[in-house]
Amino acid sequence: MPKDYFEKLSDHKSPPTYKFFNGEKWVNSVSDKTIDVISPLDDHVVGKIQSVTHAEIDQAVSLAKVAQKEWMKVPMIKRTQILHLAADWIREHEHYLTTLLIKEIGKTHTEAKDEILRSADMTDYFAHEGLHLTGEELSGEAFPGYDQTKIAIVERVPLGVVLAIAPFNYPVNLSVSKIAPALITGNAVVFKPPTQGAICSLLLTEIFRIAGVPDGVIVTITGSGNDVGDYLTTHPGIDMVTFTGSSQVGKSIAEKIGMIPILFECGGNNPALVLPDADFDNTAMEIVKGAFSYSGQRCTAVKYVLGLTPTIEKLLPLVVKKTKEMIKMGDPRVGENNLGPVISDGAANEIEKRIILAKAAGAKIVLGGKKDGRFIEPTILDHVTLAMDIIHTETFGPVVGFIRVKSIDDAIELINQSSYGLQASIFTKDEGAGIKLGQLIDVGTVQINSKPQRGPDNFPFLGIKGSGTGVQGIRYTLEAMTRFKPIVLNKPQ
Ligand code: G3H
């Protein structure tokens, strides 16, 4: 049952219709239109969310614009206290949020709970690190031709109104990773949650509110990406856009957006390069976890494995064995099931199509390959090539392909041909060799002897090429959400 303070968010009918937060109040949209949030688990409507109008967006953004000017004057220590309180409230409501998250997006209990607790920890860390964000003081004497008469006081100031667009696969955590840093640095937030995950996001908004975020400093706009998302990204009142989602959507936003700062985490198509001397047991386990957790719907999932033929021949049976041991497909609310459905019928159909196409083009299905509704079996393909859609374009599902290379140099060349550049893993017992190879791979981050992953969240997290732009990670996100403002003192000679 929701706690009393969540009561005002919906009409409590079955299914409940949720309001949106216009910066001051929880209200129904004048559009009189709602969107169903359908559970991928059993098709039931978890709730209905508002389809907010453009006029309501204009009003909310104007409110945020005004509120931000006051919010940036609130002392950092006070903003920090509000964020710590929000973190406590997230923890307090972990069970409720976890249950809802499972229904909305079909995560396992462990995955959903981890997401919520990680969000609380992240909020605390942003608050803590906010206290250490500093500007600097520079003297003109350092540059030829100037003298000591110039001193720059370089402050870090907020950007204004930050538009935060979060994806369905981490609707709480990848919202917090945008909202918390924006707030602590004195920005206002216009929050556009994903449709699946929107209900958790609305609760999250209220959590920040009850923790003390003033009116107008956060507004939450629900609606379809095509309508509301497009309108928001080109809205003149928005001063920065932070987005997590597919490369395709990221590129299309970036093309339209104009000259404002952006921080984009887009798709990944992450390779694992296995050297002959790797610890094969650990490698196989990491590949299984990397490929199949949350049904492969993570931008950091392992999508293909490269190695010399003897390496693949030794590794592949191990990966198959471990997949059978570790992965149980089925409703994640039941027993030990840990591979649930993918998010929608459309997604499942697309994944199935790509598997069929890969097979027709010469790939061999070593395990799985079948679809049952939105459930896709954990699928392992051998003899894939980068030309196949299953590997060429990010496939957001539980599928991993194996590629046999003639040499490690060839493997690096293949990886670097990809239009993605989020992460890559290298498995070897020779860490020095791993580092040297890592330096040759064109991706944001290289992991030695682990699956790709975003965390720990204080590490820099970034994609290059089609995988994004800008750097996230606690301190880096805070820096990205502020700009330098030098005030130059010109002393008389
Ligand atoms: O889906 C994109 C996320 O940033 C991946 O995060 O590596 O913690 O699962 P994760």
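Since this is a predicted model, take the numbers as computed values, not measurements. (Residues numbered from 1 in each chain as written. Predicted model: local features only at pLDDT ≥ 70, side-chain atom pairs only at ≥ 80, totals over all residues. Heavy atoms only, no water.)

Looking now at the sheet that holds strand E24 (residues 482-490). Spatially, three strands are ordered E5-E6-E24 in an open sheet, and the strand pairing comes out antiparallel. Strands with a single pairing partner mark the edges of an open sheet, and in this sheet they are strand E5 (136-139) and E24. Each neighbouring strand pair of the sheet contributes to a mean axis angle of 25°, computed without reference to strand direction. Two strands pair when backbone bridges link them, and strand E6 (residues 150-158) and E24 are joined in this way by nine bridges, in the antiparallel orientation. Following the sheet pairing, valine 157 is matched in E24 by arginine 483. (Pairing = 2+ DSSP bridges. Helix = DSSP H or I, 4+ residues; strand = E, 2+ residues; numbered from the N terminus. Axes fitted to C-alpha atoms, helices over the stretch in contact; angles between N-to-C directions.)

Quick look at the domain arrangement of the protein chain now. In terms of domain boundaries, the protein chain breaks down into domain 1 (3-266 + 471-485) and domain 2 (270-459). Each of domain 1 and domain 2 was reduced to a C-alpha centroid, and the two centroids are 31 Å apart. Across the contact, 28 residues belong to domain 1 and 21 residues belong to domain 2. Interface area for domain 1 against domain 2, summed over the two sides, is near 2100 Å², with a carbon-plus-sulfur share of 53%. Three residues stand out in domain 1 for area buried against domain 2, namely Pro40, Leu41 and Phe168, and they jointly supply 23% of the buried area on that side. Joining domain 1 to domain 2, the criterion identifies three salt bridges. Linking domain 1 to domain 2 there are ten residue pairs in polar contact (both at pLDDT 80 or more). Within the residue set of the side of domain 1 that touches domain 2, elements represented by two or more residues are helix H3 (94-105), helix H4 (109-130), helix H5 (173-184) and helix H15 (474-480). It is H4 that provides the largest number of residues to the side of domain 1 that touches domain 2, a total of four residues. By residue class, the composition of the side of domain 1 that touches domain 2 is twelve nonpolar, nine polar and seven charged. (Domains from an automatic or database assignment. Contact = heavy atoms within 4.5 Å. Buried area = accessible area lost by both parts, 1.4 Å probe. Salt bridge = Lys/Arg side-chain N within 4 Å of Asp/Glu carboxyl O. Polar contact = N/O pair within 3.5 Å; in protein donor to acceptor, adjacent residues only side chain to side chain. Nonpolar A, V, L, I, M, F, W, Y, C, P; charged D, E, K, R; others polar.)

Inspection of every chain in the model, using the stated rule, returns five aromatic pairs. Judged by centre distance (5.2 Å) and plane angle (50°), the rings of phenylalanine 21 and tryptophan 26 are tilted. Its guanidinium or amino end placed over the ring of phenylalanine 280, lysine 314 lies 4.2 Å from that ring's centre, counting from NZ or CZ. (Phe/Tyr/Trp six-rings, centres within 6.5 Å; stacked < 30°, edge-to-face > 60°. Lys NZ or Arg CZ within 6 Å of the ring centre and 35° of its normal.)

Time to look at the packing of helix H1 (residues 54-71) against helix H7 (residues 225-233). One can describe the packing of H1 onto H7 by two numbers: an axis separation of 11 Å at closest approach and a directional angle of 40°. Our classification of the angle between H1 and H7 gives oblique. The handedness of the crossing between H1 and H7 is right-handed. Contact residues: H1 offers His54, Ile57, Asp58 and Val61, while H7 offers Asp227, Val228, Tyr231 and Leu232. Broken down by class, the residue content of the contact of H1 with H7 amounts to five nonpolar, one polar and two charged. (Parallel < 35°, antiparallel > 145°, perpendicular 65-115°, else oblique. Left-handed = near helix turned anticlockwise from the far one by under 90°.)

It is worth spelling out the sheet that holds strand E19 (residues 423-427) at this point. By definition, the strands of a sheet pair up through backbone hydrogen bonds, in either a parallel or an antiparallel sense. Judged by pairing direction, the sheet is mixed, and its seven strands sit side by side in the order E14-E17-E18-E13-E12-E19-E20 without closing on themselves. Two strands bound the open sheet, and with one partner strand each, they are strand E14 (364-367) and strand E20 (445-448). Between one strand axis and the next, the sheet turns through 25° on average, direction left out of account. Inspection of the sheet shows strand E12 (residues 270-274) paired to E19 by three bridges, in the parallel sense.

Judged by which residues are buried, strand E17 (residues 379-382) turns out to be covered on both faces: Thr379 and Leu381 on one side and Ile380 and Asp382 on the other are all buried. Of the strand pairs in this sheet, E14 and E17 are connected by three bridges, and their pairing is antiparallel. Each residue of the ladder has a partner; that of lysine 364, found in E17, is aspartate 382. In this structure, E17 lies alongside strand E18 (residues 399-405), joined through three bridges in parallel fashion. Bridging from a neighbouring strand, leucine 381 pairs with glycine 401 of E18. (Buried < 20%, exposed > 50% of the residue type's maximum accessible area, 1.4 Å probe, protein only.)

The next point concerns the packing of H4 against H5. Any two packed helices are characterised by the angle at which their axes cross and by the distance between the axes. Packing of H4 against H5 brings their axes to within 9 Å, and their N-to-C directions diverge by 20°. Accordingly, the angle class assigned to the pair H4 and H5 is roughly parallel. For the pair H4 and H5, the crossing hand works out as right-handed. Along the contact surface, H4 presents Glu115, Arg118, Ser119, Met122, Thr123, Phe126, Ala127 and Gly130, while H5 presents Asn173, Val176, Ser177, Ala180, Pro181 and Ile184. Looking at side-chain class alone, the contact of H4 with H5 contains seven nonpolar, five polar and two charged residues.

Right, let's get into the environment of isoleucine 390. Here isoleucine 390 shows up in helix H12 (residues 389-392). Isoleucine 390 sits in the buried class, given a relative accessible area of 4%. Sequence separation between isoleucine 390 and proline 15 is 375 residues, and the spatial gap between their C-alpha atoms is 37 Å. When sequence neighbours within four positions are dropped, the list of residues in contact with isoleucine 390 reads Ile351, Arg354, Ile355, Ala358, Leu381, Thr395 and Val399.

Turning to H1, a few remarks are in order. Taking 1.5 Å as the rise per residue, H1 with 18 residues should run 26 Å; its terminal C-alpha atoms sit 25 Å apart, in good agreement. Residues of H1 that are buried: Glu56, Ile57, Ala60, Val61, Ala64, Ala67, Gln68 and Trp71. Taken around the axis of H1, the buried residues stretch over an arc of 135°, which confines them to a single face. The outward face of H1, more than 90 degrees from its buried face, is lined by the exposed residues Ala55, Gln59, Val66 and Glu70. (Expected span 1.5 Å × (residues − 1). Arc of directions from axis to C-beta.)

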